[in-house]
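# Remarks on the overall topology
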Amino acid sequence: MQTSIAELKIGQKGIICDFNIEEIPLKLLEMGCLPGNSIELIQVAPFGCPLYFVVNDSHVAIRLETAKEITVIIETAN
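In short, a report on the structure. (Residues numbered from 1 in each chain as written. Predicted model: local features only at pLDDT ≥ 70, side-chain atom pairs only at ≥ 80, totals over all residues. Heavy atoms only, no water.)

### Observations concerning the overall build of the chain
Looking only at helices and strands, one finds 2 helices and 6 strands in the chain. For the chain, the α and β elements follow one another from N to C terminus as β-β-α-β-β-β-α-β. Whereas a compact globule of 78 residues would reach a radius of gyration of roughly 12 Å, the chain reaches 11 Å, a difference of no more than 12%. Overall, the C-alpha framework of the chain stretches about 35 × 30 × 20 Å when taken along its three principal axes. Looking at the chain as a whole, 36% of its 78 residues qualify as buried. Nonlocal contacts in the chain, meaning residues at least 24 apart in sequence, comprise 59% of its contacts between residues at least 6 apart. (Helix = DSSP H or I, 4+ residues; strand = E, 2+ residues; numbered from the N terminus. Rg over C-alpha atoms; globule rule 2.2 N^0.38 Å. Buried < 20%, exposed > 50% of the residue type's maximum accessible area, 1.4 Å probe, protein only. Contact = heavy atoms within 4.5 Å.)

### Here we look at the nonpolar core
Counting 20 residues, the largest nonpolar core has Ile-5, Leu-8, Ile-39, Phe-53 and Ile-62 as its most contacted members. Among the elements of the structure, β2 (13-19), α1 (26-30), β3 (38-44), β4 (51-55), β5 (58-62) and β6 (70-74) are those that each provide at least two residues to this core. Those residues in contact with Leu-8 that lie beyond four places of it in its chain are Leu-41, Phe-53, Val-72 and Ile-74. (Core = buried A, V, L, I, M, F, W, Y, C linked by side-chain atoms within 4.5 Å.)

### Quick look at the pattern of salt bridges
Per the counting criterion, the structure on display carries 1 salt bridge. Ionic pairing is found between Arg-63 and Glu-65, a salt bridge with its closest N-O pair at 3.6 Å. Overall, the relative accessible area of 51% leaves Arg-63 in the exposed class. (Salt bridge = Lys/Arg side-chain N within 4 Å of Asp/Glu carboxyl O.)

### Section: the sheet that holds β5
The 6 strands are arranged β1-β6-β2-β3-β4-β5 in an open sheet whose pairing can be described as antiparallel. Of all strands in the sheet, those with a lone pairing partner are β1 (2-4) and β5, marking the two edges. If you compare each strand with its neighbour and ignore which way they point, the axes differ by 45° on average. Both β2 and β3 contribute to a ladder of 3 bridges, which runs antiparallel. Counterpart to Ile-15 in the pairing with β3 is Ser-38. (Pairing = 2+ DSSP bridges. Axes fitted to C-alpha atoms, helices over the stretch in contact; angles between N-to-C directions.)

### What about the side chain of Ser-4?
Considering the arrangement of structural elements, one finds Ser-4 in strand β1. The exposure class assigned to Ser-4 is buried, which follows from its relative accessible area of 13%.

Printed below as a string of structure tokens:
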């Protein structure tokens, strides 16, 4: 199932499959927000922004508007 990382629930993981290159800051790309990499939502700040993720063992905070531009395939538990 594909969705944006903004729709993930805390603890949910996904594999990045696509993003809008026009809306993603270069810093996020340098930190590993690239297709094929795993991402997990670990915390949501008060008022829902920013969202805190683990990407390639790095903790990153991503604004809600930016998170809506990153598409993932949700990993299912086996």
